[in-house]
Each structure stands twice: as C-alpha cells, then as structure tokens.
Amino acid sequence: MAMCSTFYPRLSTHLNCKSFSLFPVKHRFFVSIKAFSSQTFAPKADDLPASIGFLGLGIMGNPMAQNLIKAGCDVTVWNRTKSKCEPLISLGAKYKSSPEEVAASCDVTFAMLADPESALDVACGKYGAAKGMGPGKGYVDVSTVDGETSKLICEHIRATGAHFLEAPVSGSKKPAEDGQLIFLTAGDSVLYEKAAPLLDIMGKSRFYLGEVGHGAAMKLVVNMVMGSMMASFAEGLVLSEKVGLDPSVLVEVISQGAISAPMYAVKGPSMVKSLYPTAFPLKHQQKDLRLALGLAESVSQPIPIAAATNELYKVAKSHGLSDQDFSAVIEALKVKLQQ
Ligand SMILES: NC(=O)C1=CN([C@@H]2O[C@H](COP(=O)(O)OP(=O)(O)OC[C@H]3O[C@@H](n4cnc5c(N)ncnc54)[C@H](OP(=O)(O)O)[C@@H]3O)[C@@H](O)[C@H]2O)C=CC1
Ligand SMILES: O=CCCC(=O)O
C-alpha cells in the first residue's frame, strides 16, 4: 500500500487561467500553485497510486526517485546501467530488469530519459514500458523531448488502454534534490489528477497545458531562452576580461540590475574560475536548442538568436564539452583561432 507520510504542509490551488489576460483564451490552462501553508493538506494514502515505477536514474531521475522513496512511496526502479539503481535500492526501492517489468508491476510509471531516441526506446522498444502497460495504469514521461516523439509514445501507451501524461520539468539538479521542480504537463487529465500528489513530492508547481505536445513545446521554448541567455552571459564574461575588467565584478553588477537572474548568480562565480560542475549537461542543452529549432521550423517562425546559439553549443560539443555543465559553452568563445 502507498504510504506517503512525510508531506510538507502545502496548499494546492487550481486556477483556470482563461481568466488571465496573459494566456490565450483558446486553450484552457490549469495552473496549480503549491505554497507552504499553516493548513495541512496531506494527501490521503487512498488517493495515492499504490506502486510507482521510475525508469532512468541519471542526474535528474535519481533525486526525483529518491524524493518519492523518502516520502514513503513504494518505488520500483530500472536504469540501463544497473549500478545506478544501487543507491535507490539501499533506500528501499525494488528493482526490475526491464521497463516492461517495471510497468507491469506498477500503477504509475515515470520515465526520465536523455533524449527522444532513448525515451522512445524505453517506452516502445522490445522490452519497453508499453509492453507492461494496460487499463488502469499510467505512464508519465518527464524527459525533455519534442512533441512528435511525445505523441508517438502517447499513441503506444494509449493503445494498451493505459493513460499518458507528458511532464517535462523546469529546474535542474538542486531543485530536483530539493523537490522544487516545475512540471509542464499535458495529456490525460485523469492521470494528471492521479499523479498530482507525486508531482507535489518532486516539485513546487505544476502546469496542466492541455493536449500532448504542449508540455514539450513549453519546455523547449523555456530552454531555448535559457540557452541563449547563457551564451550571451558567456560572451559578456569573455569580453569583459578581454577589455581589462574583472569578470567577477560583471557578475556582481548584473546581479544588482534589471537583467539579474538566479542562473547568472549561481553559474557566474564558477564560470569565472573555468569550473563547470555538471548540473545540466551541455549535450542536453544543445539537444533542446536543436529540438526548439525544429519546433520553430514547423510553424515557419524565425528564431535567429537560438539558431546562432545552437551553433555555439555545437562548437562546444566538438571540443569535448558534452558532459560538462552547459555553462562550459563559454569555452567555445575562448578557443584560439589557428594562425
Ligand atoms: N540535468 C538537468 O538539469 C535537467 C535535465 N532535463 C532533461 O531530463 C532528461 C534527463 O536529464 P539528466 O538526468 O540530466 O541526464 P543524464 O544524462 O544524467 O541521464 C540520462 C538518463 O537516460 C538514460 N539513457 C540514455 N540513453 C539511453 C538509452 N539509449 N536507453 C536507455 N536509457 C538511456 C541514462 O542511462 P545510463 O545511466 O545507462 O546512461 C540515464 O538514466 C533529459 O531529457 C534532459 O534534457 C530536464 C531538466 C533539467
Ligand atoms: O532542462 C534543464 C533546465 C535546467 C533549469 O531549468 O535550470
């Protein structure tokens, strides 16, 4: 039986954002805001899925699954590289040797995979999760993929009689550890409601954006902006140093002005020291820019800044920086041209 016992006291509010002028009226966007409250709305154990699967235990999947286990949930894990399951097993997780077996033994299965190819393979491949799905079950894909991939996975899952939710996340390693992610969900609303208490363990807010593809699109737009912001920040740091300024002072100046952003304050000091401890791998940021370019292409929308930014991340990848944090994109600007 599911026992999610260590909930923080939280207030959950559902807003129909049709009433907000910021949102287009043709879609019904449901925004759920969690906040700490003196009132306790701990979900009843009866409301929670009894057993939860988690596929993909990388930088993000590991802490997300950990938070479910620590909240008392009954979690079964699988990862391509089995050794990454060990820390979770020692916290109380069960293990199955394929996505199919995990899905067959769980009510709701989450997947946090690297890219469209791996998300598709884990969901729809030979021993994929779809093989173990069926009526009454749910599949929640929290990987960052394009809408087309998400729709394909959705088709396979729904064909089994199960429900599908795409739920990519905004927020990186630390927010994942702290249960402070932002879920950008779309798909079967029945599953959205069923998974909500689990999303609330792993995150601080959740957006329900309608039909499958909207969650993926929102995530790609956000990461397109983030990738360009980081590239521009990197240019500023390199240029400031070239003209004899102290880049640490630039970080401080930016932090006090209108363009301050937590990302600059968090990443800036280590970028100045040429250190890039990986929270968000550079290869994933380039993947997201590539997918955002495809999204823009699908509606003939020019995104020249993102296109140029993508080229810079590709250069960074060609210099062996794929597995470094995406802030290592600055190194692509330091490369000396051959004389
Ligand atoms: N890191 C971050 O800050 C954030 C990342 N994301 C997104 O979340 C997803 C996961 O990111 P993150 O955890 O950082 O990435 P990691 O690279 O740390 O983890 C990737 C996961 O995918 C698995 N995987 C890769 N290829 C395959 C394959 N062919 N078959 C099966 N499994 C595979 C890996 O397994 P194995 O261990 O065997 O390699 C691992 O479990 C990505 O889509 C990323 O864009 C979203 C928000 C923030
Ligand atoms: O996809 C990665 C997003 C990282 C972040 O939101 O900080």
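Residues numbered from 1 in each chain as written. Chains lettered and ligands numbered in written order. Predicted model: local features only at pLDDT ≥ 70, side-chain atom pairs only at ≥ 80, totals over all residues. Heavy atoms only, no water.

Trainee: Account for the overall build of the protein chain, with residues named and values stated.
Mentor: Counting secondary structure elements, the protein chain contains 13 helices and 11 strands. Going through the 339 residues of the protein chain one by one, you find that 49% of them count as buried. Long-range pairs, those at least 24 residues apart, make up 67% of the contacts in the protein chain with a sequence separation of at least 6. For the protein chain, the exposed surface amounts to about 16100 Å²; the carbon and sulfur share of it is 58%. (Helix = DSSP H or I, 4+ residues; strand = E, 2+ residues; numbered from the N terminus. Buried < 20%, exposed > 50% of the residue type's maximum accessible area, 1.4 Å probe, protein only. Contact = heavy atoms within 4.5 Å. Areas by Shrake-Rupley, 256 points an atom, 1.4 Å probe, with all protein chains shown as cover.)

Trainee: Provide a residue-level description of the site of ligand 1, including the pertinent values.
Mentor: Taken together, 24 residues form the shell around ligand 1, and within it N79, T81, K84, S172 and K287 come nearest. One of the backbone N or O atoms of M60 is found 2.9 Å from an oxygen atom in ligand 1. Within the side chain of K287, one N or O atom sits 2.7 Å away from an oxygen atom of ligand 1. For ligand 1, whose unbound accessible area comes to 900 Å², protein coverage reaches 88%. Elements with a contribution of two residues or more to the shell around ligand 1: α4 (116–124) and α11 (282–298). Among the residues making up the shell around ligand 1, the classes are represented as 11 nonpolar, 9 polar and 4 charged. (Near = heavy atom within 4 Å. Polar contact = N/O pair within 3.5 Å; in protein donor to acceptor, adjacent residues only side chain to side chain. Nonpolar A, V, L, I, M, F, W, Y, C, P; charged D, E, K, R; others polar.)

Trainee: Quick rundown of the site of ligand 2? Include the residues and the values.
Mentor: Lining the immediate surroundings of ligand 2 are S170, G171, S172, K219, N223, M226 and F280. Protein chains shield 80% of the accessible area of ligand 2, which is 240 Å² for the free molecule. Per-element tally for the shell around ligand 2: the top contributor is helix α8 (residues 214–242), with 3 residues. Considering only residue class, the shell around ligand 2 consists of 2 nonpolar, 4 polar and 1 charged.

Trainee: Go over helix α9 (residues 247–256), please, and point to the residues and values.
Mentor: For α9, the complete set of buried residues consists of P247, V251 and I254. One side of α9 carries all its buried residues, which in axial view fall inside an arc of 70 degrees. Among the exposed residues of α9, those oriented more than 90 degrees off its buried face are V253 and Q256. Its buried side turned inward, α9 meets α8 and α10 (262–272). For α9, the N-terminal cap is D246; the gap from its side-chain oxygen to the backbone nitrogen of S248 is 2.8 Å. (Arc of directions from axis to C-beta.)

Trainee: Explain the UniProt feature "domain: 6-phosphogluconate dehydrogenase NADP-binding" (unreviewed entry) in the protein chain to me, and be specific about the residues and the numbers.
Mentor: Mapped onto this numbering, the UniProt entry annotates "domain: 6-phosphogluconate dehydrogenase NADP-binding" (unreviewed entry) at residues 51–210. Structurally, residues 51–210 comprises 40% helix and 23% strand, and the distance from its first C-alpha atom to its last is 26 Å. (UniProt positions renumbered as here; feature names shortened; annotations may be inferred.)

Trainee: Lay out the nonpolar core with the relevant residues and their values.
Mentor: Looking at soluble globular proteins, one finds that nonpolar side chains tend to be buried together. Grouped together as the largest cluster of nonpolar side chains are 35 residues, with contacts concentrated most on F54, M64, L68, F110, V140 and F183. Secondary structure elements with two or more residues in this core: β3 (52–55), α1 (61–70), β4 (75–78), β6 (108–111), β10 (181–187) and α7 (189–202). The dominant element in this core, judged by the number of residues it contributes, is α7, at 7 residues. Residues within four places of F183 in sequence aside, it is in contact with M64, V142, A167, P168, V169, L199, M202, G203, S205, R206 and F207. In this structure, M224, A234, V238 and L291 belong to the second largest nonpolar core, which totals 32 residues. (Core = buried A, V, L, I, M, F, W, Y, C linked by side-chain atoms within 4.5 Å.)

Trainee: Residue-level account of the packing of α8 against helix α12 (residues 304–318), with values.
Mentor: With their axes 9 Å apart at the nearest point, α8 and α12 run at an angle of 65 degrees to one another. The angle between α8 and α12 falls in the class roughly perpendicular. In this structure, α8 crosses over α12, and the sense of that crossing is left-handed. Residues M224, G227, S228, M230 and A231 of α8 pack against I305, A306, T309, L312 and Y313 of α12. Its residues assigned to classes, the contact of α8 with α12 shows 7 nonpolar, 3 polar and no charged. (Axes fitted to C-alpha atoms, helices over the stretch in contact; angles between N-to-C directions. Parallel < 35°, antiparallel > 145°, perpendicular 65-115°, else oblique. Left-handed = near helix turned anticlockwise from the far one by under 90°.)

Trainee: Lay out a nonpolar patch on the surface in plain terms, naming residues and giving numbers.
Mentor: Together, V221, V225 and L295 make up a nonpolar patch on the protein surface, roughly 200 Å² of accessible area in all. Here V221 lies in helix α8. For V221, a relative accessible area of 39% translates into the label partly exposed. (Patch = residues over 30% accessible without salt bridge, like charges linked within 9 Å, V, L, I, M, F, W, Y side chains within 5 Å. Salt bridge = Lys/Arg side-chain N within 4 Å of Asp/Glu carboxyl O.)

Trainee: Describe in detail the UniProt feature "domain: 3-hydroxyisobutyrate dehydrogenase-like NAD-binding" (unreviewed entry) in the protein chain, supporting the description with residues and values.
Mentor: UniProt records the feature "domain: 3-hydroxyisobutyrate dehydrogenase-like NAD-binding" (unreviewed entry) at residues 213–332, using the numbering of this structure. Summarising residues 213–332: 70% helix, 0% strand, and an end-to-end C-alpha distance of 32 Å.

Trainee: Which residues make up the side chain of S327, and what values do they have?
Mentor: With respect to the helices and strands, the residue S327 is situated in the loop between α12 and α13 (331–334). Within polar-contact distance, the side chain of S327 engages the side chain of D325 at 2.7 Å. Ignoring any residue separated from it by four or fewer positions in sequence, one finds S327 in contact with M230, K267, M271 and Y276.

Trainee: Tell me what's going on with the environment of L199, and back it up with residues and numbers.
Mentor: Checked against the element boundaries, L199 lands in helix α7. Taking the C-alpha atoms as reference points, L199 and A123, separated by 76 residues in sequence, lie 20 Å from one another.

Trainee: Give me the packing of aromatic side chains: which residues, what numbers.
Mentor: Geometry of an aromatic ring pair is reported as the spacing of the ring centres plus the angle between the planes. Throughout the structure, instances matching the rule amount to 5 aromatic pairs. A centroid spacing of 6.5 Å and a plane angle of 25 degrees characterise the contact between Y139 and F164, whose relative ring orientation is stacked. Here Y139 is found in strand β7 (residues 138–141), whereas its partner F164 is found in strand β8 (residues 163–166), with 25 residues between them in sequence. Looking at Y139, the relative accessible area reads 0%, which means it is buried. Overall, the relative accessible area of 0% leaves F164 in the buried class. In this arrangement the basic side chain of K82 is found over the ring face of Y95, its NZ or CZ atom lying 4.7 Å from the centre. (Phe/Tyr/Trp six-rings, centres within 6.5 Å; stacked < 30°, edge-to-face > 60°. Lys NZ or Arg CZ within 6 Å of the ring centre and 35° of its normal.)

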